[in-house]
Amino acid sequence: MRKRDHNLLTNAASLLICGLLAGVVVAAAAFPAVAMSGLAAKAGAETYDSLPKTLNYDARSPQITYLLAADGKTPLATMYDENRRNVKLKDISPYMQKAIIAAEDHNFYKHNGVDFNGVARAFVNNSGGGSKQGASTLTMQYVRLAISYSATHPADVVAATEDTSARKLREMSMALQVDKELSKDEILEHYLNLAPFGNGAYGVFAASQVYFGKPPSKLDIQESALLAGLVKAPSAYDPTTTSGYDDAVIRRDYVIDNMVLIGAITKEEADQAKQIKLKVNHKRTPNGCVQATTQSWGFFCDYFYRWWMQQETFGSTTYDRERRLKSGGYTITTSLDVQAQKGADAAVRHNLSVNSKGARMVAVVEPGTGRVRALATNRNFKLDDPDKPQNKLSSNPAKAKKGIRGSYPNTVNPLISGGGSITGYQAGSTFKIFTVVAALEKGFPLAYSMNAPHQFTSEYPVKPGSPAACPGTGLYCPTNASQAMAGPHTMWSAFGFSVNTYFVSLQQQVGAENVVKAAQKLGLTFRDPYDAKVAANKDAAHDWGAFTLGVAHTTPLELANAYATLAADGRYCEPIPVQEIRGPDGEKLDIANPHCEKRIDTQVARAAVDVARCPVGDRSSTSHCSTPTAGGVRGFVNAPVAGKSGTTDGDKTAALVAMTKQYAVAGIMADPDWPQTTQQMGHSQAYGINPAVMETLRAAMKGKEKIDFTPPSGKIVYGDQRSIPSVKCESIETAKSRLRGAGFEPVVSSSKVTSECPAGTAAGTSPDGKTIKGGVVTIEVSSGQGSTPTPGTSTGPGGVTPTPGNGRKPRG
């Protein structure tokens, strides 16, 4: 700030006049009815000693916050309590600078903060019964605004604007002080950044955007005059209304004429400016997520808002955090990838209306950073108008009977990210990945083989007589989606074909509580109260038999981030909706940086991804896949992929995860209004979840490098290999006994092979060389025909026997 010199006589005269006028002249200028009353004089005298000595020029008025997409230029949303953005005087049109002086204070550059000649004129005029005149200078108006914005209590705001002589006296005294401490240009800059211009615009930057859609540096004469004329009475001169338009033009022309009087423009320029027909915008600056620049992006915007409200960096209370967001003047570059978001928006609406009860919900997360790149669903992010509702009655019959409406087509619920009443959805067999991780952590290799029957009698307790119980017992008895899934399986083949009995058995061996723990390490939060209660109790979690089949609730965002952690070699990152946050002064905030930690061993993560390549039609040099449940993903995306499909009982939900090294996409299709829906959610159908996920991933990957996953290595692949004893031509019982004695699990083949061995004896084994300790070894039964023993099935590397496909449509 620069102090300007004042001669002693001027300063003394100012103080003397201020003192003499305090009780009478000020009151007369502002309030002629009480000019001579003892109350006015008393108020002036009593207030003088307690006047503030200075203003806090560094106090920042509320500033608008801008949200941008990840490219740093595509607008996403604006948020504000007051639509204002401070600018330097050099970035304000000279016409605008002169116009505000012409409208409010001709002598701005001549007086010392208080125009005592103006005060005297107002005193004479108001005392003589003429129309009321004011005497506030721009400096005094700035003081009034500055006091209001620096107030820490609502009463201080009232005091700064109350109609009393004490307030006027305070303004005059502080204006004299301000005029000493700030240059005229600094005062003008502060004023133009604080002044209200109507239609939610505060400060000249917002005003020039709201009314003319341009920066203040580009304002011409007539535009500047219009804005300068508004500060006196923004509502009365509102040019966007029919009632205010004509008065706004008259006021504009008045200011233009005054610009001539102060020598800012010529008469010719004024005449030309007044001939221009006034054209202004007719809408306020959008505010909040329901007014996001693209309606469907409101779901991402809302996720950002909810994230911000949880960050203690921005205040100790939610009130403080919201004020910081809407008043802090931040420029926030979010993580929204325009290409991925547009692809997701199109995909979730492709062949499925916003009026569908089923919601296709998709989330895209970047592995290694946790940055959320897209959130989309076939819904409008919009508040349904209660007076003219568009939403249909709830799909839940009980709610519909009461006249309660559902969340389609309009909703502002966080369907994709969760929060509030949205606890998530069952994601079916996508949860089997948590059992894979837990098993690998316990030392089970990918080649770990088991015989998976069509129905498995587990040790998990359930309610006797329930549909999940084995007949006549209180034990959980899961079955596979088809009879064809039964037989020997490794993790590769069981995960690819989604064999329920394999994974319930594996979970039982690993410990369900350890599977739950693996899910938590990968980011599952268990929002559902029942899920949270079970997960928090080790004994209860130990008996959670159906957990591996995806009965707990999750969201597309959580699921995408869990798989993204594996794609990032076990590096977990908190989901985050921002890339960069800059304050009004341009400083960066660290809160926008990724928050990551190593949670899963690298080889475990790579092995889990290797397994996850099987369901989506991909494979590595180490994987041994069989029948995939979503085999078309690899060809459709045309890049190395991994993932998993999932379905719940009765097809009440359908899920698919598909990921590359750069993007993890998770989709869930469900009815958010009624989890017990009777509607079947689709997978590969045109309206199903699979096309939505695949199209989203392909769109996100367009133009991106196709990076392959690194396959696992070491014992985690094949484990501890043991030699299989020869049982050729031995009786079946003897063969079983010898194999058990060698540490294997024998299974007798249901079909026979040609062999020189007697019919009904062991013709050989599959595999017939080596396999892992404790692995399944199939005894091939001789038909008694042929001269040479024939192996039943080709043996893969490391003794792993790929499970043949059966040509039948798989289930997740």
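Each value, and the rule that gives it
- Starting afresh in each chain, residues are numbered from 1 along the sequence in its written order.
- Local features are withheld for residues below a pLDDT of 70 in this predicted model, meaning they are given only at 70 or higher, and side-chain atom pairs are given and counted only at 80 or more; totals for whole chains, interfaces and linings count all residues.
- Neither water nor hydrogens contribute to the side-chain values; these are computed over all heavy atoms in the structure.
- Helix and strand assignments come from DSSP, with helices taken as H or I runs of at least 4 residues and strands as E runs of at least 2, each series counted from the N terminus.
- Relative accessibility thresholds used throughout: buried, under 20% of the residue-type maximum; exposed, over 50%; partly exposed, between the two (1.4 Å probe, protein chains only).
- Contact definition: two residues touch when any of their heavy atoms are within 4.5 Å.
- Method for areas: the Shrake-Rupley scheme with a 1.4 Å probe, in which residue coverage is limited to the protein chains shown.
- Count a disulfide wherever a pair of cysteine sulfur atoms falls within 2.5 Å.
- The term salt bridge refers to a side-chain nitrogen of Lys or Arg lying within 4 Å of a carboxyl oxygen of Asp or Glu.
- Working rule for helices: expected span equals 1.5 Å times residues minus one.
- At least two bridges found by DSSP between two strands are what make those strands a pair.
- Axis angles are defined between N-to-C directions and span 0 to 180 degrees, where every axis is a line fitted to C-alpha atoms and, for a helix, only to the segment in contact.
- Residue-level confidence of the predictor is summarised by pLDDT, bounded by 0 at the bottom and 100 at the top.
- For this analysis, a nonpolar core means a set of buried residues of the types Ala, Val, Leu, Ile, Met, Phe, Trp, Tyr and Cys, connected via side-chain atoms within 4.5 Å.
- Read the arc as the range of directions from the helix axis to the C-beta atoms.
- Polar contact is the term for a pair of N or O atoms within 3.5 Å; when the atoms are in protein, one must be able to donate a hydrogen and the other to accept it, and sequence-neighboring residues count only if both atoms are side-chain atoms.
- Whether two aromatic rings pair depends on their centres lying within 6.5 Å, for rings of Phe, Tyr and Trp, where Trp uses its six-membered ring; planes under 30 degrees apart make the pair stacked, over 60 edge-to-face, and the rest tilted.
- The rule is short: NZ of Lys or CZ of Arg within 6 Å of the ring centre and within 35 degrees of the ring normal puts a charge over the ring.

Colleague: Residue-level account of the overall build of the protein, with values.
Modeller: Tallying secondary structure elements over the protein gives 29 helices and 24 strands in all. Counting the 812 residues in the protein, one finds 56% classified as buried. Residue pairs in contact within the protein that sit at least 24 positions apart in sequence constitute 72% of those at least 6 positions apart. Within the structure as shown, the protein displays about 33,800 Å² of accessible surface, and the carbon and sulfur contribution to it stands at 51%.

Colleague: Report on the state of the cysteines, specifying residues and quantitative values.
Modeller: Applying the stated criterion across every chain, the model contains 5 disulfides. A sulfur-sulfur distance of 2.1 Å marks the disulfide that ties C470 to C477. Of note, the bridge from C470 to C477 carries an S-S torsion of about 95 degrees and is right-handed in sense. If the cysteines joined by disulfides in the protein are listed in sequence order, their pairing comes out as 1-2, 3-4, 5-6, 7-8, 9-10.

Colleague: Talk me through the pattern of salt bridges; I want residue IDs and the actual numbers.
Modeller: This structure, assessed with the given rule, holds 28 salt bridges. R373 is paired through a salt bridge with E366; the nearest N and O atoms lie 3.1 Å apart. Judged on exposure class, the residue R373 and its partner E366 are both buried.

Colleague: How would you explain helix α27 (residues 689-701) if you had to name every residue and give the values?
Modeller: Along an α-helix, a turn takes 3.6 residues, which lines up residues three or four apart on a common side. Under the 1.5 Å per step criterion, the end-to-end length of α27 is 19 Å for 13 residues, consistent within 8% with the ideal 18 Å. Judged by how many residues are buried, α27 sits mostly within the fold: 11 of 13 residues are covered. Where α27 is concerned, the buried positions are I689, N690, P691, A692, V693, M694, E695, T696, L697, A700 and M701. Elements in contact with the buried residues of α27: α16 (338-349), β6 (359-365), α26 (633-637), β18 (654-659) and β19 (664-670). G703, located one to two residues past α27, shows a positive phi value of around 80 degrees.

Colleague: How would you explain the sheet that holds strand β21 (residues 745-753) if you had to name every residue and give the values?
Modeller: A sheet is described by the order of its strands in space; here 3 strands give the open sequence β21-β24-β22, paired in mixed fashion. Each of the sheet's edge strands pairs with one partner strand only, and the pair in question is β21 and β22 (762-766). Taking the axes of each pair of neighbouring strands and ignoring which way they run, one obtains an average angle of 30 degrees across the sheet. Strand direction decides the pairing type here: β22 and strand β24 (residues 776-782), joined by 4 bridges, are antiparallel. Pairing of G764 across the sheet is with E780, part of β24. Its contacts with the sheet put helix α29 (residues 732-741) on β21, β22 and β24, and the angle it makes with β24 is roughly 160 degrees.

Colleague: Give a detailed account of the confidence of the model for the protein, specifying residues and quantitative values.
Modeller: Across the protein, the average pLDDT comes to 89, with 87% of residues at or above 70. Every residue in residues 1-18 scores below 50 in pLDDT, and together they form 29 contacts with partners more than four places removed in sequence or on other chains. For the stretch residues 20-51, pLDDT sits under 50, and the model shows 50 contacts to residues farther than four places along the chain or on other chains.

Colleague: Hey, could you go over the nonpolar core for me, with residue numbers and the actual values?
Modeller: Counting 109 residues, the largest nonpolar core has W308, F434, M491, Y502, L506, F547 and I581 as its most contacted members. Leaving out residues up to four positions away in the same chain, Y502 has contacts with Y448, M450, A452, H489, T490, M491 and A494. Membership of the second largest hydrophobic core comes to 62 residues, among which are V114, M174, A201 and I265.

Colleague: Residue-level account of the sheet that holds strand β15 (residues 578-582), with values.
Modeller: Taken in spatial order, the 4 strands of this open sheet run β2-β1-β5-β15, and their pairing is mixed. In the strand order of this sheet, the two ends are held by β2 (75-79) and β15, each with one partner. Ignoring strand direction, the axes of neighbouring strands in this sheet form an average angle of 15 degrees. Of the strand pairs in this sheet, strand β1 (residues 65-68) and β2 are connected by 4 bridges, and their pairing is antiparallel. In the strand pairing of β2, Y66 is matched with T78.

Colleague: Before we move on, can you summarise α29 with the specific residues and values?
Modeller: Regarding α29, the residues found buried are I732, A735, K736 and L739. Projected down its long axis, α29 shows its buried positions confined to an angular sector of 100 degrees, all on one face. Among the exposed residues of α29, those oriented more than 90 degrees off its buried face are E733 and G741. In the stretch just after α29, G743 is the one whose phi turns positive, near 95 degrees.

Colleague: Account for the pairing of β18, naming residues and giving values.
Modeller: Taking burial as the measure, the 6 residues of β18 include 6 buried ones, the bulk of the element. Where strand β17 (residues 642-647) meets β18, 6 bridges bridge the pair, whose relative direction is antiparallel. Of the residues in β18, the one forming a bridge with T647 is A654. When β18 meets β19, the two strands line up antiparallel, connected through 6 bridges. In the strand pairing of β19, M659 is matched with A664. Adjacent in sequence and paired antiparallel, β18 and β19 are bridged by 4 residues.

Colleague: Describe the side chain of Q222, and please don't skip the residues or the numbers.
Modeller: If you trace the backbone, Q222 turns up in helix α11 (residues 221-230). By relative accessible area, Q222 is classed as buried at 5%. A distance of 3.0 Å separates polar atoms of two side chains, one belonging to Q222 and the other to R252. Once residues lying within four places of it in the same chain are set aside, the contact partners of Q222 are R252, I256, A273, I276 and L278.

Colleague: Please provide a residue-by-residue account of the pairing of β17, values included.
Modeller: Along β17, 6 of the 6 residues are buried, which leaves the element largely enclosed by surrounding structure. Residues of β17 alternate between two faces, with A642, K644 and G646 on one and G643, S645 and T647 on the opposite face, all of them buried.

Colleague: Quick rundown of the packing of aromatic side chains? Include the residues and the values.
Modeller: Under the definition given, this model contains 16 aromatic pairs. Ring plane angle 70 degrees and centroid distance 5.3 Å describe the contact between W308 and Y330, whose orientation is recorded as edge-to-face. One end of the pair, W308, is in helix α14 (residues 298-309); the other, Y330, is in the loop between α15 (318-327) and β5 (331-334), and 22 residues separate them in sequence. Residue class for W308 comes out buried when judged on its relative accessible area of 0%. Classification of Y330 by relative accessible area gives buried; the value is 4%. With a centroid separation of 5.2 Å and an interplanar angle of 70 degrees, the aromatic rings of Y502 and F503 are classed as edge-to-face. For F503, a relative accessible area of 0% corresponds to the buried category. In textbook terms, an aromatic cluster arises when at least three aromatic residues are bridged by ring pairs, as seen for F304, W307, W308, F314 and Y330. If you follow R599 out to its NZ or CZ, it ends over the ring of Y572, 3.8 Å from the centre. In this arrangement the basic side chain of K644 is found over the ring face of F495, its NZ or CZ atom lying 5.6 Å from the centre.

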